[in-house]
Amino acid sequence: QVQLVESGGGLVQAGGSLRLSCAASGSIFSINAMGWYRQAPGRQRELVATVTSAGSTNYADSVKGRFTISRDNAKNTVYLQMNSLKPEDTAVYYCKVMRMIAPFVYWGQGTQVTVSS
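Residues numbered from 1 in each chain as written. Predicted model: local features only at pLDDT ≥ 70, side-chain atom pairs only at ≥ 80, totals over all residues. Heavy atoms only, no water.

> Is there a simple way to think about the sheet that holds strand β7 (residues 67-72) in this case?
Hydrogen bonds between backbone groups are what pair the strands of a sheet, and the pairing can be parallel or antiparallel. Strand order in the open sheet formed by 4 strands is β1-β3-β8-β7, with antiparallel pairing between adjacent strands. Two strands lie at the open edges of the sheet, namely β1 (2-7) and β7, each paired on one side alone. When the angles between neighbouring strand axes are averaged without regard to direction, this sheet yields 15°. Judged from the 6 bridges that link them, β7 and strand β8 (residues 77-82) form a sheet pairing that is antiparallel. Note on β8: the bridge partner recorded for Ile69 is Leu80. (Pairing = 2+ DSSP bridges. Helix = DSSP H or I, 4+ residues; strand = E, 2+ residues; numbered from the N terminus. Axes fitted to C-alpha atoms, helices over the stretch in contact; angles between N-to-C directions.)

> Hey, could you run me through the pattern of salt bridges in this one?
Between side chains of opposite charge, pairing is possible as soon as their charged atoms come close. Applying the stated criterion to the full structure yields 4 salt bridges. For Arg38, the salt bridge goes to Glu46, with nearest N and O atoms at 2.8 Å. Assessed through its relative accessible area of 6%, Arg38 is described here as buried. Glu46 sits in the partly exposed class, given a relative accessible area of 28%. Members of the salt-bridge network, linked through shared partners, are Arg38, Glu46, Arg66 and Asp89. (Salt bridge = Lys/Arg side-chain N within 4 Å of Asp/Glu carboxyl O. Buried < 20%, exposed > 50% of the residue type's maximum accessible area, 1.4 Å probe, protein only.)

> Mind showing me how you'd approach the pairing of β7 here?
The two faces of a sheet get side chains in turn, since along a regular strand they alternate between them. Here β7 shows a clear split, with Phe67, Ile69 and Arg71 buried on one side and none of Thr68, Ser70 and Asp72 buried on the other. The antiparallel pairing of β7 with β8 creates a hairpin that spans 4 residues between the two strands, and Asn76 there sits at a positive phi of about 55°.

> Would you explain the pairing of β1 in this entry?
Of the two faces of β1, the one holding Val2, Leu4 and Glu6 is buried and the one holding Gln3, Val5 and Ser7 is not buried anywhere. Alignment of β1 against strand β3 (residues 18-26), held across 6 bridges, turns out to be antiparallel. The residue bridging Leu4 from the neighbouring strand is Ala24, located in β3.

> Which parts of the structure should I look at to understand the nonpolar core?
Where a protein is soluble and globular, its nonpolar side chains tend to be buried together. Formed by 30 residues in total, the largest nonpolar core has its most connected members in Trp36, Leu80, Met82 and Tyr93. Elements supplying a minimum of two residues to this core: β1, β3, β4 (31-39), β5 (46-51), β7, β8, β9 (91-99) and β11 (111-116). Among residues more than four places away in sequence, those in contact with Met82 are Gly16, Ser17, Leu18, Leu20, Arg66, Phe67, Tyr93 and Val113. (Core = buried A, V, L, I, M, F, W, Y, C linked by side-chain atoms within 4.5 Å. Contact = heavy atoms within 4.5 Å.)

Quick look at the structure:
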């Protein structure tokens, strides 16, 4: 089992910044990639960014140049630095962990990010 604890969400004005954190504990030895997804009201959950254990990153086009994902393997923590936030970034942000053995996926409980115009 893997436990995920997210933090860092909140309310910010457009143009502002937030930093999300997701700390993993438990059966962390099998974790490969970690990432962030988001879900706005009435919309499907979508990819924001992922990072592998080797440090390779992938971003949604909508956040490229504004968001930065990073990972501290020693702390088993993944971060999402969000700059130049826009109202359309408003959503519940979920941490996702992908493992090499079953269960292959774990999700965090979600943290609300609200960007006011």
